[in-house]
Amino acid sequence: MSESSAEAVVAATANVAGAAGAANWRRAGIAGAAIGVLAAGAAAGVAVERLTVGRGMRKKARLALDATGPYGSLRGTPGRAVADDGTELYYEIDEVEVAPTTADEGASGSRRRRLFGRRAPAPVTVVFSHGYCLGQDSWHFQRAALRGLVRAVYWDQRSHGRSGRGRSQADGVPVGIDQLGRDLKAVIDAAAPEGPLVLAGHSMGGMTMMALADQYPALIRDRVAAVALIGTSSGKLGEVNFGLPVAGVNAVRRVLPGVLKALGSQAELVEKGRRATADLFAGLIKRYSFGSKDVDPAVARFAERLIEATPIDVVAEFYPAFTEHDKSGALPGFRDVPVLILAGDKDLVTPSSHSEAIADVLPDAELVIVPDAGHLVMLEHPETVTDRLADLLVRSGTVPAANVGGHGSTAQQPGR
């Protein structure tokens, strides 16, 4: 994309900020295009080729993909934690499937355990934290592969998925990464109050884990057995160029605060625009979420659905937190446990250089750069991500051997 093209898109976006109150389809379309970029994790200025298939046909295709792709259908035992500001945080637990042993069978065995006050130790719990504009279902393939093998907690960050809108944000308090770290602590206290932990986070989820380590170092020291940081960053996100020319990026940064404020205050108009520009939105998601050209259409549509579900005011609310994020000082807290650092080599949102910077601070960590992979690497190359997670669980002693099922593949469609 040329610099002039980038500047043209930026100019159009700036016009939305100045005239967002005009409720007509043309401006709604421009607003929807701008929000599509933001929701995909980019700033603005992406050119997408127009599709030649009729709009009605494309709508039918999307509905067909929604019906045939079972992604995001896995559910666990629901629960709710309460954050320090009263926000309700939704989580689900997948328990370990354990066959009863001889000692567990019969009344005598149960009585013997009661008499001696013995209790089985708390199992290791793997806590999965998702990224910006996503939800717990973004871990679909890893969840399918690990079900029954480990105790796992999947949660929706505040204002995302099934969690409640941030109460502090309703009162005008900006959301910050530190708040997300405290939210994760609340989920751990509710869903895994004892026993070892393995923390896995993608993008904003990885930043959430860093904030947890920064604020609760004793928890990391005493309970965390391993850490997986996927497509994330410890800071300097304000320097990311999103694959755009320098002039385009600088122009975007100049107008972005005003655009966000305008879009966030005109939610109804912008949501209408997102629906009106669904095809452009799909192209933006593909560019900023995936690195390969042959992504499964059902997986691409699944990513669309996840991002579409994030309200525009939430998109606008969270975005400033990333430019302020700097948790490089918290990373040494992970030095004493096995760490997996994984990123796609074509990630335009949190470039792989940010994962390499984390690895510089954690030299004993396993660093994996996945070829032909974008930001949503766990959806694009689920086999690779699941394989490395399984190896991390083995290295940390969480599971005795790599015995992960074959559901961590886009070729599989688990029904459980």
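Residues numbered from 1 in each chain as written. Predicted model: local features only at pLDDT ≥ 70, side-chain atom pairs only at ≥ 80, totals over all residues. Heavy atoms only, no water.

Of regular secondary structure, the protein possesses 17 helices and eight strands. For the protein, the proportion of its 416 residues judged to be buried stands at 54%. Pairs at least 24 residues apart make up 81% of the contacts formed inside the protein by residues separated by at least 6 positions. Surface summary for the protein: the accessible area is close to 18,000 Å², and the carbon and sulfur share equals 52%. (Helix = DSSP H or I, 4+ residues; strand = E, 2+ residues; numbered from the N terminus. Buried < 20%, exposed > 50% of the residue type's maximum accessible area, 1.4 Å probe, protein only. Contact = heavy atoms within 4.5 Å. Areas by Shrake-Rupley, 256 points an atom, 1.4 Å probe, with all protein chains shown as cover.)

Within the secondary structure, Gly 206 sits in helix 8 (residues 204-215). Judged by its relative accessible area of 0%, Gly 206 falls in the buried class. The spatial distance from the C-alpha of Gly 206 to the C-alpha of Phe 128 is 9.4 Å, given a sequence separation of 78 residues.

Its identity is not glycine, yet Cys 133 carries a phi of approximately 65°, on the positive side. Within the secondary structure, Cys 133 sits in the loop between strand 3 (125-129) and helix 5 (140-146). For Phe 242, which is not glycine, the phi dihedral falls at a positive 55°. Here Phe 242 lies in the loop between strand 6 (224-230) and helix 10 (246-265). Its relative accessible area of 8% is what places Phe 242 among the buried residues.

Tracing the backbone through its elements, the reader meets Glu 380 in helix 16 (residues 377-380). Despite its burial, Glu 380 pairs with no opposite charge; the closest candidate is Lys 346, at 7.8 Å N-O. For Glu 380, the side chain forms a polar contact with the main-chain nitrogen of Gly 291, separated by 2.8 Å. In this structure the side chain of Glu 380 is engaged in a polar contact, spanning 2.8 Å, whose partner is the backbone nitrogen of Gly 374. Ignoring sequence-local partners within four residues, the contact set of Glu 380 consists of Ser 289, Phe 290, Gly 291, Ser 292, Val 295, Asp 372, Ala 373 and Gly 374. (Lys, Arg positive; Asp, Glu negative; His and termini not counted. Salt bridge = Lys/Arg side-chain N within 4 Å of Asp/Glu carboxyl O. Polar contact = N/O pair within 3.5 Å; in protein donor to acceptor, adjacent residues only side chain to side chain.)

An order of 1-2-4-3-5-6-7-8 is seen for the eight strands of this open sheet, with the pairing classed as mixed. What marks the edges here is a single partner per strand, and that holds for strand 1 (77-82) and strand 8 (366-370). Direction aside, neighbouring strands of the sheet carry axes that sit 20° apart on average. Strand direction decides the pairing type here: strand 5 (residues 197-202) and strand 6, joined by six bridges, are parallel. Along strand 6, the bridge assignment pairs Val 198 with Ala 226. Those strands touched by helix 8 are strand 3, strand 4 (151-155), strand 5 and strand 6, and its axis lies near 135° from that of strand 5. (Pairing = 2+ DSSP bridges. Axes fitted to C-alpha atoms, helices over the stretch in contact; angles between N-to-C directions.)

Right, let's talk about the packing of aromatic side chains for a bit. For any pair of aromatic rings, the description consists of the separation of the ring centres together with the inter-plane angle of the planes. Within the structure shown, the criterion is met by six aromatic pairs. Both rings, one in Tyr 132 and one in Phe 322, keep their centres 4.8 Å apart while their planes meet at 65°; by these two values the pair is edge-to-face. Note that Tyr 132 is positioned in the loop between strand 3 and helix 5 and Phe 322 in helix 14 (residues 312-324), a separation of 190 residues in sequence. Phe 322 sits in the buried class, given a relative accessible area of 9%. Stacked on the ring of Tyr 216, the Lys or Arg Lys 185 has its end atom at 5.2 Å from the ring centre. (Phe/Tyr/Trp six-rings, centres within 6.5 Å; stacked < 30°, edge-to-face > 60°. Lys NZ or Arg CZ within 6 Å of the ring centre and 35° of its normal.)

Before going further, it helps to examine the pairing of strand 3. Most of strand 3 is tucked away, with five of its five residues classed as buried. Of the two faces of strand 3, the one holding Thr 125, Val 127 and Ser 129 and the one holding Val 126 and Phe 128 are both buried throughout. The sheet contact formed by strand 3 and strand 4 spans five bridges and is parallel. Counted as the bridge partner of Phe 128 is Tyr 154 from strand 4. Since strand 3 and strand 4 lie parallel, the crossover through helix 5 that links them has a hand, and here it is right-handed. Sheet analysis places strand 3 next to strand 5, joined by five bridges and oriented parallel. Counted as the bridge partner of Val 126 is Val 198 from strand 5. (Right-handed = clockwise from strand over helix to strand, strands pointing away.)

Time to look at the nonpolar core. Grouped together as the largest cluster of nonpolar side chains are 63 residues, with contacts concentrated most on Phe 128, Tyr 132, Phe 290, Phe 318, Phe 322, Leu 342 and Leu 379. Setting aside its immediate chain neighbours within four residues, Phe 318 contacts Tyr 132, Arg 158, Ser 159, His 160, Val 175, Leu 180 and Met 204. Within the second largest apolar cluster, 35 residues are counted, among which are Trp 155, Leu 184, Met 210 and Ala 359. (Core = buried A, V, L, I, M, F, W, Y, C linked by side-chain atoms within 4.5 Å.)

Moving on, we get to the environment of Ile 93. Within the secondary structure, Ile 93 sits in strand 2 (residues 88-94). Judged by its relative accessible area of 11%, Ile 93 falls in the buried class. The sequence separation of Ile 93 and Val 127 amounts to 34 residues, and the corresponding C-alpha distance is 9.3 Å. Apart from the residues lying within four places of it in its own chain, the contact partners of Ile 93 are Gly 76, Thr 77, Arg 151, Ala 152, Val 153 and Ala 191.

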